[in-house]
Amino acid sequence: MKHFFTIAVVAAAGLLSLSCAKSDFTVSENQPYAFRGDYRNFMLTGEFCADSGAVATIAFHDDGTGSGYKVLLHGGPIDGTIKSGSLLHVRNLYRALENEAEWAPLEIAVRGKNISVKVNGQDVVCYTEPDQPWRLPQYAKMLLGHGSVSISAEKGNVSFRGMKLTKLAPDAVNPCDTLPPLDENADKAIRLQQNDFPVIDWHVHLKGGLTAEMAHAMSMNYGINYGVAPNAGAGGVGRMLANDEEVYAYYNEVKDLPFLRGVQGEGRKWTADFSPEALGTFDYLFTDAMTIVDNKGRLSRIYRPEEVHMEGMTDQKYMDMLVDQTVKILTNEPADIFANAFFLPASLQPKFDEMWTPARVGKVLDVLQDKGIALEISARYDIPNEQIVREAKSRGIKFTFGTNNADADFGRLEYSIDMAQKCGLTVADMWFPTMSTRASRPTVIYNSFGDSGKTVLFNGKDLTGWVAVTASESEEPVFKVEDGCIMVSGKPNGYLRTVRQYGDYTLHVEWRWVGKGTNSGIFQRVQAEDKVWPCAYECQLHAGDAGDVVSLGGARIAEIPYDPTVKFPKKVRNHHGAAIELPEGEWNRAEIICKGNKMMIYINGSYENLVTTEATSGYIALQSEGGPLAFRNVYIEQ
C-alpha cells in the first residue's frame, strides 16, 4: 500500500514560508526524516499509521549534542510497553489510543516551557518543564531549548501523511496549561518515569467531586496513568453498575478516554449479576475482601464499624473467618487484581502484625500465586506491609498500585512508590492485562447467603404489595411501572407505601431524576392512618440535600429539640453542601438501616445521617412531590 507524506514548514507571520512534499513516504529503521531548520516554539500536526509492532520516535530541540525530547509512536495491547504519545522518560503512557495499521491524528506542540501531545484527538501529555527538572545522569540533556525536529523508526514501518510543522510566536502559550509545574526534586513519580517504571494508579473512582475532566488534568500534571473504574454490583461507594446493559453503556462512555478502563466487582453478589462477556470488555477487573459474608450468613462491609459483628468471637476467631472469606473470594471470583489487600476492620488495624500471622498471609498468597492474581499496593491504606510485599515478590506474584480514592484529593501514590523502592520491585514485577488469567477461570456462584434474608419490595413488573396514597385525584397515574422502574409523576403530593409494616432492616433504593432534579423522599416507620403527610421519618431526596432527615406528621427526632412552631423539623446530613449525589440522569443509591429506634442513612455509599426515632416499626414509602423521578432495586435485608 502506498502512503503519502506531505510536509509544510510555515514561519511566523511576516517571515518566509517554505513547503515541500514527498509521496510514498514511510519511516523505517534505515529511512529517517529530518525537518530542516532550527525550531523553538512549534506545532507539528498530521496523521500516522504504524504497522503492528512498529516503534518510531519524533525528536525535537536536538541541537546536535543529544539534547531535547522524544515522543514515542507504538501501539498494541496493554502489555507494559510504552505507548503512543509518550514523552519518553518523563510522561510514559501504557495504553495506546490508536489501532495498529490504522491512520490516527497526531499533534505535538512546544509553547514556552510546555509540551503537549494529542493522539486521536485526545490530550495525552501536558508537561510543563520546571525551573529545576529532575533528571538521571543519562538524561541530563533532556531539556527544552531549540534545534531540529526529526522522525526515525526503531522497529518496523510507520507512515505519515498531511504532516505540517508550524513555527509559533516566541510568546506562544498553551491555554490548557493551567496547573503549576511540579517540584520534581520532591516528586516521587518522576524518578520512576526516568527509569521507565510504569507509574499507574489502577484504582481510581470518579466520586467525591472527582470528574473525568479533573482526573485527566491531574494525570497529565502528575505523570501518573489512571485506571478509572466504577463498581459493578451493590454496596460500594460512588457509581454502581447494576446489570450487563449498564456495563456496556458505561464502556461506550469511556472507551475513547485516555484512561485504563477497569471495573470493580462489589458486594459478593456481582458474580451472579453480570456475565463474563460483559465484564470482559474492560481492560481489567478487580475486587477486594472489604465485604464478606460473616459467620451468620450476613453481608458485612468491614470498613463500616457498625457492620462488623464479633458477637462473642475473639479477635483471633474473627481473623480466621476473615481469612477464610478472603480465600473463598479469590478462589471463586475471576478478578485480575486483589485490591485493598489485607485490609482490617478499624478495631483490628492497630494489631495488624498480630492479626496477619505468616500462616494467614500464606493462605492468601497461595491463592494469588495459584490463580495468577495481582496484589495491589494501596496508597490509601498503606497496605500490605513491607514483609508481605517481599514475600509476594519472592513467590513471583505480580503487583499493581492503587488508591481507592474517597474524593479528588488522593495524593500521588506515595506509599506505593516507597514500597516498590524498599522492596526492589522492577518492571518485571508489575502486572498488565496481557497477563490476565480470568478468561480461563470459571466464575463460581459460591454464596447462598442473603436470599433467605432478602425481601424484594418491588418486583419490577407491577405495584403488587404497594398502596398509593395521594392528596387529590389525578387523571394520570401518579405511580406506574415502566421499563422495570417505578415512575413517579411528582404531582399531586402523596406516597406509595408497602402493604405490610417492617421492624429492623436495611433498605436499598435507587433513584434518578427524569429531567431536572427536584424533590422527593423515602419514608421510614410510617404509622397507620393514610394521609398526606403521615407520621413518618423522611430520608430527604431533594436535589442537593439527599440524606437530610425530616420528621413528618408529628414524628419526633431525639436529636432535634422539640419546637411546636416548626412544622417539619430536619436533621441536616453530615456532608451538607458537598457533591455526594450523582449528576442528573444517573442512578443514585440510598441505604437506610433501621434497627430499634436508630435510623442510619448512606447516600451513594457515603455515611450521611443517624437519628433516634420514637417508632421502631412501620410502613416503607416512596414520595411523590416536586417533579418526576424513577425508583428501582427496592429491597430490604433483615
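Trainee: Can you help me understand unusual backbone geometry in this one?
Mentor: Residues apart from glycine generally show negative phi values, whereas peptide bonds are mostly found in trans. Residue Ile383 is joined to Pro384 through a cis peptide bond whose omega torsion reads -5°. On the secondary structure map, Pro384 appears in the loop between β22 (374-378) and α9 (386-394). At the junction of Val532 and Trp533, the peptide bond is cis and its omega measures out at 5° in the coordinates. Its place among the elements puts Trp533 in the loop between β30 (521-526) and β31 (536-540). The phi dihedral of His61 falls on the positive side, at around 60°, and the residue is not glycine. With respect to the element layout, His61 can be found in strand β6 (residues 55-62). On the accessibility criterion, His61 (2% relative accessible area) is buried.

Trainee: Is there a simple way to explain the environment of Trp202 in this structure?
Mentor: Looking at the secondary structure, you find Trp202 in strand β13 (residues 200-204). The sequence separation of Trp202 and Asn340 amounts to 138 residues, and the corresponding C-alpha distance is 12 Å. Apart from residues lying up to four places away in sequence, Trp202 is in contact with Gly227, Leu260, Tyr284, Phe286, Thr400, Phe401, Gly402, Trp431, Phe432 and Pro433.

Trainee: Help me out: how do you make sense of empty space enclosed by the protein in this one?
Mentor: Here the idea is plain: a probe the size of a water molecule rolls over the atoms and shows the empty space left. Tallying each qualifying case throughout the model produces four cavities of 30 Å³ or more. Here the largest cavity defines a volume of roughly 220 Å³. As for the largest cavity, its lining consists of 20 residues, and the residues nearest its centre are Leu93, Val124, Ser219, Asn225 and Pro258. Sorting the residues of the lining of the largest cavity by element identifies β10 (122-128), α2 (212-222) and β14 (225-228) as the ones contributing at least two each. Counted by class, the lining of the largest cavity contains eleven nonpolar, six polar and three charged residues.

Trainee: Honestly, the side chain of Asn519 in this entry has me stumped. Any pointers?
Mentor: Within the secondary structure, Asn519 sits in the loop between β29 (505-513) and β30. For Asn519, a relative accessible area of 14% puts it in the buried group. A polar contact of 3.1 Å, which involves the side chain of Asn519, links it to the side chain of Glu625. Excluding anything up to four places from it in sequence, Asn519 contacts Trp513, Gln540, His542, Glu625, Gly626 and Gly627.

Trainee: Quick question: what am I supposed to make of the pattern of salt bridges here?
Mentor: Oppositely charged side chains may form a pair once their charged atoms are brought near each other. One pass over the structure, following the stated rule, counts 34 salt bridges. We note a salt bridge from Asp256 to Lys255, for which the minimum N-O separation is 3.2 Å. For Lys255, a relative accessible area of 29% corresponds to the partly exposed category. One network of salt bridges, in which partners are shared, links Arg301, Arg304, Glu307, Arg589 and Glu591.

Trainee: Looking at this structure, how should I read the nonpolar core?
Mentor: Across soluble globular proteins, you tend to see nonpolar side chains buried next to one another. Counting residues in hydrophobic clusters, the biggest one holds 92 residues, and the most contacted among them are Tyr226 and Phe342. Considering every element that reaches this core, the biggest residue donor is helix α6 (residues 315-332), with seven residues. When near neighbours in sequence (up to four residues on either side) are disregarded, Tyr226 contacts Asp201, Val204, Ala215, Met218, Ser219, Phe259, Leu260 and Phe410.

Trainee: Please explain helix α3 (residues 244-254) as it appears in this structure.
Mentor: Listed in full, the buried residues belonging to α3 are Glu246, Val247, Tyr250, Tyr251 and Val254. The buried residues of α3 occupy one face: seen down the axis, they fall within an arc of 140°. In α3, the exposed residues that point more than 90 degrees away from the buried face are Glu245 and Asn252. The secondary structure elements touched by the buried residues of α3 are β14, β16 (240-241), β17 (260-266), α5 (276-279) and β38 (629-637). Its side-chain oxygen 3.2 Å from the backbone nitrogen of Glu245, Asn243 forms the N-cap of α3.

Trainee: Looking at this structure, I do not really get the environment of Ala379. What am I missing?
Mentor: Tracing the sequence through the fold places Ala379 in the loop between β22 and α9. Those residues in contact with Ala379 that sit more than four places away from it in its chain are Gly402, Thr403, Leu413, Tyr415 and Ser416.

Trainee: Help me out: how do you make sense of the sheet that holds strand β25 (residues 466-470) in this one?
Mentor: The pairing of strands in a sheet happens through backbone hydrogen bonds and is either parallel or antiparallel. Spatially, β25-β28-β37-β30-β31-β32-β33 is the arrangement adopted by the seven strands of the open sheet, whose pairing is antiparallel. Two strands in the sheet have a free side with no partner beyond their single neighbour: β25 and β33 (570-571). With four bridges joining them, β30 and β31 adopt antiparallel strand pairing. Residue Phe523 lies in a different strand from β31, and its bridge partner there is Glu538.

Trainee: How do you make sense of the sheet that holds strand β7 (residues 69-73) when you look at a structure like this?
Mentor: Pairing is antiparallel in the open sheet, where four strands are placed in the order β4-β11-β6-β7. Looking at which strands have only one partner, the edges of the open sheet turn out to be β4 (33-39) and β7. Strand after strand, the sheet turns through a mean of 20° between neighbouring axes, direction not considered. The pairing of β6 with β7 spans five bridges and is classified as antiparallel. What sits directly across from Ala59, in β7, is Lys70.

Trainee: Looking at this model, I keep getting lost on the packing of α6 against helix α8 (residues 358-371). Mind explaining?
Mentor: Close contact between α6 and α8 brings their axes to 10 Å; oriented N to C, the two are set at 0°. One element, α6, and the other, α8, form an angle in the roughly parallel class. Only Arg360, Lys363, Val364, Val367, Leu368 and Lys371 of α8 make contact with α6, whose side of the interface consists of Gln316, Met319, Asp320, Val323, Thr326, Val327, Leu330 and Thr331. Class assignment of the residues belonging to the contact of α6 with α8 gives a composition of seven nonpolar, three polar and four charged.

Trainee: Got a minute to help me understand the packing of aromatic side chains in this structure?
Mentor: Any aromatic ring pair is given by two values, namely how distant the centres are and how the planes are angled relative to each other. Applying the stated criterion across every chain yields a total of 20 aromatic pairs. Each ring, one from Tyr251 and one from Phe282, has its centre 5.6 Å from the other, and the planes form 80°; the classification is edge-to-face. Taken together, the residues span a long stretch of sequence, with Tyr251 in helix α3 and Phe282 in the loop between α5 and β18 (284-287) at a distance of 31 residues. Phe282 shares its class with Tyr251; the two are buried. On the numbers, 5.9 Å between centres and 85° between planes, the contact of Phe523 with Trp533 is edge-to-face.

Analysis parameters
Residues numbered from 1 in each chain as written. Predicted model: local features only at pLDDT ≥ 70, side-chain atom pairs only at ≥ 80, totals over all residues. Heavy atoms only, no water. Helix = DSSP H or I, 4+ residues; strand = E, 2+ residues; numbered from the N terminus. Buried < 20%, exposed > 50% of the residue type's maximum accessible area, 1.4 Å probe, protein only. Contact = heavy atoms within 4.5 Å. 1 Å grid on protein atoms, 1.4 Å probe; cavity = no way out; pocket = protein on both sides within 12 Å on 5 of 7 lines; lining within 4 Å. Points joined across faces, edges and corners; volume = space filled by probe spheres on them. Nonpolar A, V, L, I, M, F, W, Y, C, P; charged D, E, K, R; others polar. Polar contact = N/O pair within 3.5 Å; in protein donor to acceptor, adjacent residues only side chain to side chain. Salt bridge = Lys/Arg side-chain N within 4 Å of Asp/Glu carboxyl O. Core = buried A, V, L, I, M, F, W, Y, C linked by side-chain atoms within 4.5 Å. Arc of directions from axis to C-beta. Pairing = 2+ DSSP bridges. Axes fitted to C-alpha atoms, helices over the stretch in contact; angles between N-to-C directions. Parallel < 35°, antiparallel > 145°, perpendicular 65-115°, else oblique. Phe/Tyr/Trp six-rings, centres within 6.5 Å; stacked < 30°, edge-to-face > 60°.

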